[in-house]
Amino acid sequence: MRTTAGWRADGPAEKLNRVSLQRRDLRADDIAVRVDHCGVCHTDLQSINAARGPVVPGHEFTGTVTEVGAKVTRFAVGDPVAVGNIVDSCGECAMCRAGQENFCHEFPTLTYGGTDRHDGTTTLGGYTREHVVRDAFAYALPAGLDAAAAAPLLCAGIAVWEPLRSLGVGRGTRVAVAGLGGLGHLAVKFAVALGAEVAVISRTPGKLDDALRLGARDLLVSTDEARMAASRERFDVMIDTISAAHELGPYLRLVAMDGALAQVGHLGPVSVDTMDLLIGRKKLTSAGSGGRPATQEMLDFCAEHDITADVEVLPSSQVNEALERLSRNDVRHRFVLDMSDLD
């Protein structure tokens, strides 16, 4: 086993403490990664608050390869890489064969809190200085992408990239992005770069300058009933990144005939009036993470279009401050931990 340092919560809603952690020795298809930057996701906060035992969070990180297994050919020592929220899958089901490992019929192995498919141990996340991962689930980090600002692409980025691509967003598509947080601001950047005409929907009028800076052409305030009514059937695609439970009807009414609303923020139960779908043959869909081909495609697209997340970088020793501020939504738009202070 290999020893590294990291941050662990030992129970529900507990603060994270710096501890020594064990990583497996490299298998033939593994790489060892020095974790340089790890994003802080709402999922991390939820996992800590609901923990039934020790948890080491972190599932969006970038770093450098420090060692490779005997059969690894995709990477060499010194290569910059990125790792997301999936680190293995069955590789045999229809979804895996289609490059959609995120929908693996046996359920993918999650970066933390999952069960290793070989030895049954619980996976530990990226709030550590070293990670060991199958080379198939690491991604080449293109030159030119800032490593800290690229880390959230592996969770927030791919979560909105997949529905934008599957719904055919491109030049001339009218796109609305509901919510302008960690997911929403990347959805705007992606949609603009794909050539779409983009508007943001928010409860906060003060988000206008931010929306325009990101490339959107307009901001709709969701509580402005007159403007919402005037925007009926205005959009071909809506990416709904709102994390709290909310009524979908007012948003579906903004979707044009044969358009779609992709719900990627709130992942709990929703209630929909069938008439809001029937009138206009509208579609309600969702997405979760992304398969390996789509994830690398996204990273390459980001390098080509100079897209990264808007981040606030903190030393990893301030992880508890980051999580506390995240719980208050006091972040614009994503926290990233600099793991070098774990040396």
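Residues numbered from 1 in each chain as written. Predicted model: local features only at pLDDT ≥ 70, side-chain atom pairs only at ≥ 80, totals over all residues. Heavy atoms only, no water.

## Things to note about the packing of helix α4 (residues 156–166) against helix α10 (residues 292–305)
Logical step 1: Put simply, α4 and α10 touch, their axes get as near as 10 Å, and they point 100° apart. With respect to α10, the axis of α4 lies roughly perpendicular. Facing Gly-157, Ile-158, Trp-161, Glu-162 and Arg-165 of α4, the residues of α10 in contact are Ala-294, Thr-295, Glu-297, Met-298 and Phe-301.
Logical step 2: Taken together, the residues of the contact of α4 with α10 sort by class into five nonpolar, two polar and three charged. (Axes fitted to C-alpha atoms, helices over the stretch in contact; angles between N-to-C directions. Helix = DSSP H or I, 4+ residues; strand = E, 2+ residues; numbered from the N terminus. Parallel < 35°, antiparallel > 145°, perpendicular 65-115°, else oblique. Contact = heavy atoms within 4.5 Å. Nonpolar A, V, L, I, M, F, W, Y, C, P; charged D, E, K, R; others polar.)

## A word on the packing of aromatic side chains
Logical step 1: Tallying each qualifying case throughout the model produces two aromatic pairs.
Logical step 2: A ring pair is formed by Trp-161 and Phe-190, whose centres lie 5.3 Å apart and whose planes are at 75°; its orientation type is edge-to-face. A residue pair is termed long-range when its members are at least 10 positions apart, and Trp-161 in helix α4 and Phe-190 in helix α5 (residues 182–193) qualify at 29 residues. Residues Trp-161 and Phe-190 agree in their burial class; the two are buried.
Logical step 3: Relative to Phe-301, the ring of Trp-161 has its centre 4.8 Å away and its plane inclined at 45°; by these criteria the two rings are tilted. Pair noted here: Trp-161 is in helix α4 and Phe-301 is in helix α10, with a separation of 140 residues, a long-range link. The same class applies to Trp-161 as to Phe-301, namely buried.
Logical step 4: Ring pairing ties together the aromatic residues Trp-161, Phe-190 and Phe-301, which thus form one cluster.
Logical step 5: A cation sits over an aromatic face here: Arg-292 above Phe-137, 5.4 Å from the ring centre. (Phe/Tyr/Trp six-rings, centres within 6.5 Å; stacked < 30°, edge-to-face > 60°. Buried < 20%, exposed > 50% of the residue type's maximum accessible area, 1.4 Å probe, protein only. Lys NZ or Arg CZ within 6 Å of the ring centre and 35° of its normal.)

## Side note on the domain arrangement of the chain
Logical step 1: Domain parsing of the chain yields domain 1 (2–154 + 309–338) and domain 2 (157–286).
Logical step 2: Computed over C-alpha atoms only, the centres of domain 1 and domain 2 are separated by 29 Å.
Logical step 3: Taken together, the 11 residues of domain 1 in the interface contact 14 residues of domain 2.
Logical step 4: On the domain 1 side of the contact with domain 2, Leu-153, Asp-310 and His-333 bury the most area, a combined 54% of that side's loss.
Logical step 5: Between domain 1 and domain 2 we count three salt bridges in total. (Domains from an automatic or database assignment. Buried area = accessible area lost by both parts, 1.4 Å probe. Salt bridge = Lys/Arg side-chain N within 4 Å of Asp/Glu carboxyl O.)

## What to know about the UniProt feature "domain: Enoyl reductase (ER)" (unreviewed entry) in the chain
Logical step 1: What UniProt calls "domain: Enoyl reductase (ER)" (unreviewed entry) maps, in this numbering, to residues 11–337.
Logical step 2: With 26% helix and 26% strand, the stretch residues 11–337 has end C-alpha atoms that lie 21 Å from each other. (UniProt positions renumbered as here; feature names shortened; annotations may be inferred.)

## Re the pattern of salt bridges
Logical step 1: Counting across every chain of the model gives 32 salt bridges.
Logical step 2: Salt-bridge contacts for Glu-297 lead to Arg-165; the nearest nitrogen and oxygen are separated by 3.1 Å. Of the two residues, Glu-297 is situated in helix α10 and Arg-165 in helix α4; the sequence distance between them amounts to 132 residues.
Logical step 3: Here Arg-165 falls in the partly exposed class, since its relative accessible area comes to 39%.
Logical step 4: Between Asp-330 and Arg-325 there is a salt bridge whose closest N-O contact spans 3.0 Å.
Logical step 5: On the accessibility criterion, Asp-330 (31% relative accessible area) is partly exposed.
Logical step 6: Judged by its relative accessible area of 14%, Arg-325 falls in the buried class.

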